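Now for the letters of each chain:
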Amino acid sequence: MKKYISLLTISALLFAGCIKNDPVIYTSSVAEIDATALNANAAGLTYPIMTRILRDGRATSTTADSTLRRYAQTVKIRINLVGPQSKKDETVGYETFSSPITTFAFPATLLFTSAVGTPGKQQPGSPAAVLAISSAEAGTNYAALSGKVTIPANSSFGYIDLSVLPTASTAGQGRFVGIRLNASGSIKPSVNYSQLGLIIDQR
């Protein structure tokens, strides 16, 4: 009798280990900053610091992309939806943060043809230099931001429009703007790609 009970126990354990596993299907979505996912992190930080005007879907180039300067212009920061698209508009929350650095080795600049920042033929600009960095101020260096970006229904992208305000030239200076995605929207931020720093060349 004990022999049969042992066999039944072993059989039950073997069959219990053969339960069919359903395939794992990822249905959640997160938001990431496109430029953060595509560019290398700055030294000692967990996110990139950009000095060039951002380009969708690719890393910026130090030889082909114009420098982010103090002229009036709008920089579009793309936010990617990572996961299935939604049938309704979704929002991603964000906030600004202050500069974690006081100096930055700024590359040689490339200038627009127009002094007001209209894209055109690029020309040599200021040489490479180490700039003193301080935090940019909303209303002075850039227009105040809303803190929310919308990803439209059936889309994978939304944009934060950073409007740079024209300011007077300041030798050897740069202004830092930090963008950090937060959990205040309907889509939560990616853990690894939620922060980006930008430096506006004030020379």
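As the structure is a computational prediction, the values presented were derived from the model and not from experiment.

How each quantity is defined
- Residues numbered from 1 in each chain as written.
- Predicted model: local features only at pLDDT ≥ 70, side-chain atom pairs only at ≥ 80, totals over all residues.
- Heavy atoms only, no water.
- 1 Å grid on protein atoms, 1.4 Å probe; cavity = no way out; pocket = protein on both sides within 12 Å on 5 of 7 lines; lining within 4 Å.
- Points joined across faces, edges and corners; volume = space filled by probe spheres on them.
- Nonpolar A, V, L, I, M, F, W, Y, C, P; charged D, E, K, R; others polar.
- Helix = DSSP H or I, 4+ residues; strand = E, 2+ residues; numbered from the N terminus.
- Polar contact = N/O pair within 3.5 Å; in protein donor to acceptor, adjacent residues only side chain to side chain.
- Contact = heavy atoms within 4.5 Å.
- Phe/Tyr/Trp six-rings, centres within 6.5 Å; stacked < 30°, edge-to-face > 60°.
- Lys NZ or Arg CZ within 6 Å of the ring centre and 35° of its normal.
- Pairing = 2+ DSSP bridges.
- Buried < 20%, exposed > 50% of the residue type's maximum accessible area, 1.4 Å probe, protein only.
- pLDDT = per-residue confidence, 0-100.
- Core = buried A, V, L, I, M, F, W, Y, C linked by side-chain atoms within 4.5 Å.

### What to know about the layout of surface pockets
Empty space within the largest pocket amounts to approximately 220 Å³. As for the largest pocket, its lining consists of 13 residues, and the residues nearest its centre are I49, M50, T51, T60 and T62. Partitioned by chemical class, the residues of the lining of the largest pocket number seven nonpolar, five polar and one charged.

### Brief notes about the side chain of N80
Within the secondary structure, N80 is located in strand β3 (residues 73-82). Separated by 2.9 Å, the side chains of N80 and D34 make a polar contact. Excluding anything up to four places from it in sequence, N80 contacts V30, A31, E32, D34, S156 and F157.

### Focus on the packing of aromatic side chains
One pass over the full model with this rule turns up two aromatic pairs. Through pairs of rings, three or more aromatic residues link up here, namely Y47, F97 and F176. Sitting above the plane of the Y159 ring, K76 keeps its charged end 5.1 Å from the centroid.

### Description of the pairing of strand β8 (residues 129-135)
Here strand β5 (residues 103-106) runs beside β8; their pairing, made up of four bridges, is antiparallel. By the bridge assignment, F106 is partnered in β8 with A129. When β8 meets strand β11 (residues 173-182), the two strands line up parallel, connected through four bridges. Bridge pairing links I133 to G174 in β11.

### Focus: unusual backbone geometry
Phi is positive for N154, which is not a glycine, with a value near 60°. You can call N154 exposed: its relative accessible area is 54%.

### Some remarks on the environment of Y71
Examined against the element boundaries, Y71 turns out to sit in the loop between β2 (49-50) and β3. Separated by 95 residues in the primary sequence, Y71 and P166 have C-alpha atoms spaced 4.6 Å apart.

### Side note on the confidence of the model for the protein
On average, residues of the protein score 86 in pLDDT, and 78% of them reach the 70 mark or higher. The low-confidence segment residues 113-120, where pLDDT is below 50, has 13 contacts with residues more than four positions distant or belonging to other chains.

### Let's talk about the side chain of S29
With respect to the helices, strands and loops of the structure, S29 is situated in the loop between α1 (2-16) and β1 (30-33). From its side chain, S29 meets the backbone oxygen of P84 in a polar contact 3.2 Å long. Leaving out residues up to four positions away in the same chain, S29 has contacts with L81, V82, G83, P84, I187 and K188.

### What to know about the sheet that holds strand β10 (residues 157-164)
Hydrogen bonds between backbone atoms are what pair the strands of a sheet, whose relative direction is either parallel or antiparallel. With mixed pairing, the four strands of this open sheet are ordered in space as β10-β3-β1-β12. Edge positions in the sheet fall to β10 and β12 (188-189), since each of these pairs with one other strand and no more. Sheet topology places β1 next to β3; four bridges connect them, and they run antiparallel. Bridging from a neighbouring strand, E32 pairs with N80 of β3.

### Description of the environment of T140
If you trace the backbone, T140 turns up in the loop between β8 and β9 (148-151). For T140 and L165, which are 25 residues apart along the polypeptide, the C-alpha to C-alpha distance reads 6.6 Å. Each residue touching T140, except ones within four places of it in the same chain, is listed here: L165 and T167.

### A look at the nonpolar core
Most often, soluble globular proteins keep nonpolar side chains buried together rather than apart. Within the largest apolar cluster, 27 residues are counted, with the highest numbers of intra-cluster contacts made by I77 and I79. Elements represented by at least two residues in this core include exactly β1, β3, β4 (90-97), β9, β10, β11 and β13 (195-201). When residues of this core are assigned to their parent elements, the largest contribution, four residues, is made by β3. Those residues in contact with I77 that sit more than four places away from it in its chain are I33, L54, G158, Y159, I160, L162, I179, L196 and L198. I49, F97, F104 and I199 belong to the second largest nonpolar core, which has eleven residues in total.

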